[in-house]
Each structure stands twice: as structure tokens, then as C-alpha cells.
Amino acid sequence: MERKQIKTALVSVYHKNKLDIIIKELHEQGVEFISTGGTQSFIESLDIPCSAVEDLTGYPSILGGRVKTLHPKVFGGILCRRELAEDNAQIEEYEIPEIDLVIVDLYPFEATVAAGADEPTTIEKIDIGGISLIRAAAKNFKDVVIVASQDQYQPLLDVLEANGAQTTFEERRWFAKEAFAVSSHYDSAIFNYFDGEEKSAFRFTEDNAKVLRYGENPHQSGVFFGKFDDMFEQLQGKEISYNNLLDIDAAVNLINDFEDITFAILKHNNACGIASRPQLVEAWNAALAGDPVSAFGGVLITNAIVDKATAEEMTKIFFEVVIAPDYDLDALEVLGQKKNRIILILKNAKVRTQQVRTLLNGVLVQDKDLKTETAEDMKVVTEKAPTEQEIEDLIFANKIVKHTKSNAIVLAKNKQLCASGVGQTSRVDALEQAIDKAGSFGFDLKGAVMASDAFFPFSDSVQIAAEAGITAVIQPGGSIKDQDSIDACNKNGQSMVTTGFRHFKH
């Protein structure tokens, strides 16, 4: 396997963290350096000689630093094709040194935007020289190594420690691939800044690929792109699967809507049990009572620190994943007895505000449903108004139905999910499914409330609900036959509120 020697390196970086390790290792291997301004001073501070780009080009840094490396004596040394006699003749004629390694990073454009900087400041963080160096060195990977971010420092060190300042074609091609990932992500961020809310084109990039055991089913491949460890700390357990990730995402989005101490159990992205209580162990027991059958093998999540008493109750059933803001040490001793059990600490509950889905021959993008109704959003449309307890239950049920597959009906009482009808093609079917399920687990629906993710096209649903003992209803409203449902509620002594917000979830 042929290896090419690294003799000269051009280094121009914004962030100097860990750069000293790279520079010292290269210096020990006999590599010479060319650099700019601050990077040159940094290298020289290590007592390592470094030539200035200005001495090579004969031009100083101009236009406030906008032009430093953009010169044929720099790019000629990078782009020279070593196997072509014509190229070699030209760089000899113009006294252009070959450059075998380029280490560069880019101005922090995304961080500047995230910090809320004004436009002139943001524009100045659009890198020109750095991105040009990356593309040039990556294009000529047959002869040149490109290190385009700090993420590639360790792979470069691994190569240097294993084989000295020599690289193979395959290694250089890998570095080039990583470099184009950096440049494409950077350009996408700049485009999205200029595009703003216009949404004239779709540009989305994500690094940090995690190859999964398989996709939704064993015959499908699956990869997660994202920084899972930024959101979670995994304390123990097996490798997280594709389906685990779907349930974890659904669980986090659900629990984010609750402020009271709440415990939820999810299966196939839907809550099969959820309750809010003053004590966590009470919330767990009430959540489990909602559907102890479906809870088997589920994903559990709470917004409170898990204590030993709750952990002991939880371990009476089999579950795959538990998520919480933290755990008492004695609770971890209980939960950790099953070594494959995935135990996660939710460090950061911030999720993306847009949803992306591929379909047909394109991509569908929408804003995430972030609306969570409060009592102020409720418009009483019946003669009877809901009681304070019913209002609390209506808010509780409406949060759940928002996160349930459509068509969806949720029945709740005393901040406990009694049952839900999930993913039905008819709203009546969803309601009847929920009523049957509640009855099978011994719930008395007298005084319970009903939440619907969309309006009632006919009065049949509220009539069925009344016969089951349900006394209050929350729905978006908006049907041309709203009055039929309102009249039915008035006839049956039920209260109904509308919110004006539909919560379809497909």
C-alpha cells in the first residue's frame, strides 16, 4: 500500500484547542509549517519554526483579514497534481512549494447566528479563505491530506502515531469525505440564514451518525444522525434501537407538556398510562393502572427524580427504557438489577421545532405542534360550565390527546388516563375503543372527561360519551355541525369547551 510523505503543512485555524498536540507530533516527524497571523504566533510560541503566508505570497493580509490565503502560491501548492509533468513544471517555474497537509477550521457562523448577532457581524463570520482551502485540499486528496475540523484531530494523530507523517490513498480519501461534510454543512447553515422563513429550498444536514442494529424491523437498516449524548446520559443498558428512539422521542415530547409530578408509560409512541400525583410512587401506580397489559415492554418517563419506593414498584413489571431527570442512588441499585435495562438521565429536554418526513419523491417539512392549551384557551359553548376539577382534567386529557395518533379520543379522571382510542379511522370507533378499554380495567367513567384531537362531525360521539358517564368534553370545534354536538351536551347535562386548535398526529 503506497504511502505519501507529508513534508509541508499549511495551518490556519480559528480555534487552537488541542492544536499543540498535532503541531508537536508533526514537527517531530520533520514536517515544516506555513501559517497566518494568530496561528503562526501560536506555532512559534511552541518553539517551532513557522513560515508566514505573507512571505510566500508577497502580499500582506488585506481588507481587514478578508484576504489572507487566496493566492496562486497557496492554492497552486495544494492543487498541484504530482503525477502531471505540466503541473510540476509550472510550480517549479513560479516557485510554488508543494503543500501536503492542510489543517483549517471555519469561522463560527452558526454560533454567531445562535448568539443573536446583528447582520454585519454575522456576515463577517462567513468564511471565505478557510472554505476555499478545504475544497481545494479535498479535491486533490490523491496528494493532499485535509483536516477540516477538530473532530479530525484524533484520526490524524492515530495515523501519525501508527505510520509517521505518511498517509495512504484510502486515508486521504476518508479525510476528504469528512471535509466535504464540514463544507456542505457550513454552506447549508449560511443558506438557511439567508432563506429565513421563505423556505425556498430544503437544506438540512446532521453529523454524528450512529448505525443501529436494524431499522423498524430486522430486515431494514437504520441510522440515527444526531447528538444523542447532548440530551441524555445512558447509565446502563443495551444498545438503543430504532424503535427505542421513536418511543424516547414521543416520551420526551409528551412529558415536556407537564409541570406537575407526572409518570407516563408509552408503547408504539402512544401513552398507554399516564398520571399526575403529589408523590411519584402514586403517579407511577396510577399510570400503570391505566393499562397494565400494554405497559409490558414499554418506555417509561417521568419529570421527577426517581426514588427507591417508586423504583421498587416499577421493577414489578418488565420495561425496556426509563427516562428521568435523575435517580436516587438506592433507586439505581434497584433499577440496575436488569443489566439490559436502558436507564437514561434526561439532561436537556430541548427538541427541534420542525418536523421532517420523506414521502413520495420529496420531503415534507412542518412546524412542530407546540401549542399546549390552558384554561384561558377554553371557550365554554354549553349551558353548563365545567367545574374546577373538570377543567384540570380537561387540560390533562387534552395534553395527552395532542400526543396520540389520530383519530384519537382520551378519557381521563382525576389527572389519570382511564383509556384512549388510538389511530382509528372513525372518531366513534376511537371513543368506543376507549370506553371498552376503560371498562376492561375497572374504571368508573362517571365524572370523567373526554378530549378529542379534532372536531366532532356529528353528535353521536358526545351522546355515546354521555351514556358512559362522561360529564365534560374538550375539542377544537370548527365543524359546520358543532351546534348539534353542543345541543346534545345541553340535553345530557354535559359541559363542553372548544379551543380552536386541532391536534392531528399522523
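Refer to the structure printed above.
Just so it is clear, the structure is predicted and the values come from calculations on it, not from any experiment.

Colleague: Describe the side chain of N140, naming the residues involved and giving the relevant values.
Modeller: Its place among the elements puts N140 in the loop between α8 (129-139) and β6 (145-147). Aside from chain neighbours lying at most four places away, what touches N140 is I78, L79, C80, R81 and R82.

Colleague: For the layout of surface pockets, give the residues involved together with the corresponding values.
Modeller: Empty space among the atoms becomes apparent when a probe as large as a water molecule is rolled across them. What the second largest pocket holds in volume is close to 470 Å³. G65, K68, Y107, D127 and G129 are the residues nearest the centre of the second largest pocket, which is lined by 26 residues in total. Mapped by element, the contributors of at least two residues to the lining of the second largest pocket are α2 (37-45), α7 (119-124) and α8. When the residues that make up the lining of the second largest pocket are grouped by side-chain class, the tally is 8 nonpolar, 11 polar and 7 charged.

Colleague: Now, about the nonpolar core: what can you tell me, with residues and values included?
Modeller: Of all hydrophobic cores here, the largest spans 53 residues; its most connected members are L10, V11, F33, I78, V102, I103 and I146. Counting residues per element, this core draws most heavily on helix α10 (residues 169-195), at 7 residues. Contact partners of V11, with chain neighbours within four places excluded, come to L19, I23, F33, I34, S35, T36, T39, I43 and I103. Grouped together as the second largest cluster of nonpolar side chains are 40 residues, L212, I395, F396 and L417 included.

Colleague: Break down the packing of helix α1 (residues 19-28) against helix α9 (residues 153-163) for me, with residues and values.
Modeller: Their axes nearest at 10 Å, the elements α1 and α9 cross at an angle of 20 degrees. Between α1 and α9, the crossing angle belongs to the class labelled roughly parallel. The chirality of how α1 crosses α9 is left-handed. Facing α1, whose interface residues are L19, I21, I22, E25 and L26, α9 presents Y153, L156, L157, L160 and E161. Of the residues that constitute the contact of α1 with α9, the class distribution is 8 nonpolar, no polar and 2 charged.

Colleague: I'd like a rundown of the sheet that holds strand β3 (residues 32-35), residues and numbers included.
Modeller: In spatial order, the strands read β4-β3-β2-β5-β6; together these 5 strands make up an open sheet with parallel pairing. With partners counted over all chains shown, the strands left at the sheet margins are β4 (51-52) and β6, one partner each. Pairing of β3 with β4, which is carried by 2 bridges, proceeds in the parallel orientation. The residue bridging S35 from the neighbouring strand is A52, located in β4. Running over the sheet, α8 touches β2 (8-12), β5 (101-104) and β6 and is turned about 150 degrees from β5.

Colleague: Lay out a negative patch on the surface in plain terms, naming residues and giving numbers.
Modeller: Taken together, the side chains of E233, E312, D326, D328, D330 and E333 present a region of like negative charge at the surface. On the secondary structure map, D326 appears in the loop between β14 (319-324) and α15 (329-335). D326 sits in the partly exposed class, given a relative accessible area of 35%.

Colleague: Any chance you could break down unusual backbone geometry for me, citing the residues and the numbers?
Modeller: Across the junction of S406 and N407, the peptide omega takes the value -10 degrees, indicating a cis bond. Mapped onto the secondary structure, N407 falls in the loop between α16 (388-402) and β19 (409-412). Despite not being glycine, N208 has its phi angle at roughly 60 degrees, a positive value. When you line up the elements, N208 lands in the loop between α10 and β8 (209-211).

Cut-off values and rules
Residues numbered from 1 in each chain as written. Predicted model: local features only at pLDDT ≥ 70, side-chain atom pairs only at ≥ 80, totals over all residues. Heavy atoms only, no water. Helix = DSSP H or I, 4+ residues; strand = E, 2+ residues; numbered from the N terminus. Contact = heavy atoms within 4.5 Å. 1 Å grid on protein atoms, 1.4 Å probe; cavity = no way out; pocket = protein on both sides within 12 Å on 5 of 7 lines; lining within 4 Å. Points joined across faces, edges and corners; volume = space filled by probe spheres on them. Nonpolar A, V, L, I, M, F, W, Y, C, P; charged D, E, K, R; others polar. Core = buried A, V, L, I, M, F, W, Y, C linked by side-chain atoms within 4.5 Å. Buried < 20%, exposed > 50% of the residue type's maximum accessible area, 1.4 Å probe, protein only. Axes fitted to C-alpha atoms, helices over the stretch in contact; angles between N-to-C directions. Parallel < 35°, antiparallel > 145°, perpendicular 65-115°, else oblique. Left-handed = near helix turned anticlockwise from the far one by under 90°. Pairing = 2+ DSSP bridges. Patch = residues over 30% accessible without salt bridge, like charges linked within 9 Å, V, L, I, M, F, W, Y side chains within 5 Å. Areas by Shrake-Rupley, 256 points an atom, 1.4 Å probe, with all protein chains shown as cover. Salt bridge = Lys/Arg side-chain N within 4 Å of Asp/Glu carboxyl O. Lys, Arg positive; Asp, Glu negative; His and termini not counted. Charge placed at Lys NZ, Arg CZ, Asp CG, Glu CD.

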